[in-house]
Amino acid sequence: MTLKEELRQIAAEVIAESLPDAAVRRALGEIPAARGRTIVVSVGKVGWQMAKAASEMLRGAFDAGYVVTKYDHSKGDLEGFRVFEAGHPQMDQNSLDATQAVLDAVSGLTEDDRVLLLLSGGGSALFEKPLIPLEELQDINAQLLACGADIVEMNTIRKRLSAVKGGRFAQACAPAQVLSIILSDVVGDREDMIASGPACADRSTAREAIEIVAKYKLRLSPEALALMQAAPVSELPNARSLVTGGVGQLCEAARAACERRGYAAHVLTSCLCCEAREAGTFLGCIAVTHAQEGRRAYIAGGETVVHLRGRGKGGRNQELALSAAQQIHGLANVAVLSLGSDGTDGPTDAAGGVVDGASRAMLEAKGLKIFDILDENNAYAGLQACDGLLVTGPTGTNVNDVSIVLIGN
């Protein structure tokens, strides 16, 4: 088995260990029954999976259920649930229609009622009632996706343009109690930033929002700019949250999978948050430094960013892997993988990429140079040309990204 093949197997094991089912069931097992009605709302790229786990745990003891997830991420009907699919990473009219259906369902609840909100990454696009025209919101979202802003910066802006983000959904549910069970895709597990915090008091400030607008030279209308200065929702007495999974768990699953194969495994960080190509260069250098020290694995989790310059197709994990290939060129005993745990990396069908010491040579034999590929943000085609695409399909989890350096004998 080659190191690339071994990394693909490790990736499959890591995903299996990071599924949210057990965490959701554990969280629900600690919750007493509501006196009144119970509404279950599951939002995010793994919304269907979380809803299924909740349905099995509650055994029908809820009055209505709603799933809002990404296109092609539903796995069929769920008894007791209305299932909606909508746009991600760009919100669309289906996002708005699904959100309105949820808002209608929670309207008029009493203090004896409860809303169980199951949240996973992707909720910022999927769950939306904009305070500005949809077309303008889509333009601002596109600017945020292209400029290299990290997830906290993006969601600081997004929540100020929304009637459901930044704690406003919990306000819409009042006086009913809202319990959020959260699968974190945000480095540091900031509850107010995961899915833009629909049921969490906002810890960001108007000053921070204005600074982000200036930093990235965002183009905002006067109406949108005025919303940046609005006071955040600072108190939500009817809401509480429980984070059930995150990138730390993902890194530990990777470490365990590597150790089962006889590698001395080290988690370097679970807070990787720089430019993707810089992270790839760094991990490639780690490999070069330790290439002669025997069977080792180095693991980094988090969420890198990509500053769009070209017109190609790819994602942050694909760019990271391809950048690492530049550094490990010629090393016969090294491979690097970078994986988006949800199975989708950028607007592609790949979860990430996997490369080894021969990848650069394969590209150059076809007249392709890694620098040019990255400059055009065309990592998907580059990895495709060196058998480096990692395709898993939707995984049923979403807890950030993990990158693994594998050093063989």
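What you see is a predicted model; the values in this text were computed from it and never measured.

**Some words on the sheet that holds strand β8 (residues 296–302)**
Point 1. Here we have six strands laid out as an open sheet, ordered β7-β8-β12-β9-β10-β11, and mixed in their pairing. Each edge of the open sheet is held by one strand with a lone partner, namely β7 (264–272) and β11 (389–390).
Point 2. The pairing of strand β10 (residues 352–356) with β11 spans two bridges and is antiparallel. Across the sheet, residue Gly353 finds its bridge partner in β11, namely Leu389.
Point 3. The strands that helix α12 (residues 276–290) touches are β7, β8, β9 (334–340) and β12 (401–407); relative to β12, the one it contacts most, it runs at about 25°.

**Topic: the sheet that holds strand β2 (residues 64–70)**
Hydrogen bonds between backbone groups are what pair the strands of a sheet, and the pairing can be parallel or antiparallel.
Point 1. Here we have six strands laid out as an open sheet, ordered β3-β2-β1-β4-β5-β6, and parallel in their pairing. Two strands lie at the open edges of the sheet, namely β3 (81–86) and β6 (239–245), each paired on one side alone. Averaged over neighbouring strand pairs, the angle between their axes works out to 15° when direction is ignored.
Point 2. Strands β1 (38–43), β2, β3 and β4 (114–119) of the sheet are contacted by helix α4 (residues 93–106), whose axis makes an angle of about 150° with β3.

**What about the UniProt feature "domain: MOFRL-associated" (unreviewed entry) in the protein?**
Point 1. Mapped onto the present numbering, the UniProt feature "domain: MOFRL-associated" (unreviewed entry) falls on residues 7–227.
Point 2. The span residues 7–227 is 43% helical and 14% strand by assignment, and the distance between its end C-alpha atoms comes to 46 Å.

**What to know about helix α1 (residues 3–17)**
Point 1. A rise of 1.5 Å per residue sets the reference length of α1, with its 15 residues, at 21 Å; its end C-alpha atoms lie 21 Å apart and thus fit the reference within 8%.
Point 2. The inward-facing, buried residues of α1 abut α11 (247–260), β9, β10, α14 (359–365) and β12.

**What about the side chain of Gln49?**
Point 1. Looking at the secondary structure, you find Gln49 in helix α3 (residues 47–58).
Point 2. In this structure Gln49 touches Pro20, Asp21, Lys75 and Gly396, once residues within four positions along its chain are discounted.

**Let's talk about helix α13 (residues 316–327)**
Point 1. With twelve residues, α13 extends 17 Å between its outermost C-alpha atoms, agreeing within 8% with the 16 Å of an ideal straight helix rising 1.5 Å per residue.
Point 2. Within α13, nine of the twelve residues are buried, which leaves the element mostly enclosed by the surrounding structure.
Point 3. Taken as a whole, α13 has its buried residues at Asn317, Gln318, Glu319, Leu320, Ala321, Leu322, Ser323, Ala324 and Ala325.

**A closer look at the packing of helix α2 (residues 21–29) against α3**
Point 1. Contact geometry of α2 with α3 gives a least axis separation of 9 Å together with a crossing angle of 40°. It follows that α2 is oblique to α3 by the angle criterion. In terms of crossing hand, the pair formed by α2 and α3 is right-handed. Along its contact with α2, which presents Asp21, Val24, Arg25, Leu28 and Gly29, the element α3 presents Gln49, Met50, Ala53, Ala54, Glu56, Met57 and Leu58.
Point 2. Of the residues belonging to the contact of α2 with α3, the class tally is seven nonpolar, two polar and three charged.

**Observations concerning the pattern of salt bridges**
Point 1. According to the stated counting rule, one finds 24 salt bridges in the structure shown.
Point 2. Of the charged contacts in the structure, one is a salt bridge between Lys165 and Glu128, with a shortest N-O distance of 2.7 Å. You can see Lys165 sitting in the loop between α7 (151–158) and α8 (168–173) and its partner Glu128 sitting in the loop between α5 (123–126) and α6 (134–147), a full 37 residues away along the chain.
Point 3. The exposure class assigned to Lys165 is buried, which follows from its relative accessible area of 1%.
Point 4. Asp202 is paired through a salt bridge with Arg160; the nearest N and O atoms lie 3.5 Å apart. In this pair, Asp202 sits in the loop between β5 (177–183) and α9 (206–215) while Arg160 sits in the loop between α7 and α8, placing the two residues 42 residues apart along the sequence.
Point 5. With relative accessibility at 8%, the residue Asp202 sits in the buried group.
Point 6. Members of the salt-bridge network, linked through shared partners, are Lys159, Arg160, Arg190, Asp192, Asp202 and Arg203.

**Focus: the packing of α12 against α13**
Point 1. Orientation of α12 relative to α13, taken along the N-to-C sense of each, is 40°, at an axis distance of 7 Å. Between α12 and α13, the angle is such that the two are oblique. Viewed along their axes, α12 and α13 form a crossing whose handedness is right-handed. Listed contacts from α13 to Ala276, Arg277, Ala279, Gly280, Thr281, Leu283, Gly284, Cys285 and Val288 of α12 are Arg316, Glu319, Leu320, Ser323, Ala324 and Gln327.

**As for the environment of Ala335**
Point 1. Within the secondary structure layout, Ala335 lies in strand β9.
Point 2. Sequence separation between Ala335 and Lys129 is 206 residues; the distance between their C-alpha atoms is 44 Å.
Point 3. Beyond its immediate chain neighbours, meaning those up to four positions away, Ala335 contacts Leu3, Lys4, Leu7, Ile328, Val355, Asp356, Ile404, Val405 and Leu406.

**Quick look at the nonpolar core**
Point 1. Core analysis: the largest hydrophobic core is formed by 56 residues, its most contacted members being Ile39, Val115, Leu117, Ile140, Ile157, Leu161 and Phe169.
Point 2. The next biggest cluster of nonpolar side chains, apart from the first, holds 48 residues, and it includes Leu7, Leu183, Ile299 and Ile404.

**Quick look at unusual backbone geometry**
Excluding glycine, residues mostly carry a negative phi; peptide bonds, for their part, are mostly trans.
Point 1. In the segment running from His88 into Pro89, the intervening peptide bond is cis, with an omega of 10°.
Point 2. Ala174 connects to Pro175 through a cis peptide bond whose omega is 10°.
Point 3. Tracing the backbone through its elements, the reader meets Pro175 in the loop between α8 and β5.
Point 4. Look at Asn377: it is not a glycine, yet its phi comes out positive at around 50°.
Point 5. Mapped onto the elements, Asn377 comes out in the loop between α15 (370–375) and α16 (379–385).
Point 6. Assessed through its relative accessible area of 2%, Asn377 is described here as buried.
Point 7. With phi around 70°, Asn400 is a residue other than glycine that occupies positive phi space.
Point 8. With a relative accessible area of 2%, Asn400 lands in the buried category.

The rules we used
- Residues numbered from 1 in each chain as written.
- Predicted model: local features only at pLDDT ≥ 70, side-chain atom pairs only at ≥ 80, totals over all residues.
- Heavy atoms only, no water.
- Pairing = 2+ DSSP bridges.
- Helix = DSSP H or I, 4+ residues; strand = E, 2+ residues; numbered from the N terminus.
- Contact = heavy atoms within 4.5 Å.
- Axes fitted to C-alpha atoms, helices over the stretch in contact; angles between N-to-C directions.
- UniProt positions renumbered as here; feature names shortened; annotations may be inferred.
- Expected span 1.5 Å × (residues − 1).
- Buried < 20%, exposed > 50% of the residue type's maximum accessible area, 1.4 Å probe, protein only.
- Parallel < 35°, antiparallel > 145°, perpendicular 65-115°, else oblique.
- Left-handed = near helix turned anticlockwise from the far one by under 90°.
- Nonpolar A, V, L, I, M, F, W, Y, C, P; charged D, E, K, R; others polar.
- Salt bridge = Lys/Arg side-chain N within 4 Å of Asp/Glu carboxyl O.
- Core = buried A, V, L, I, M, F, W, Y, C linked by side-chain atoms within 4.5 Å.

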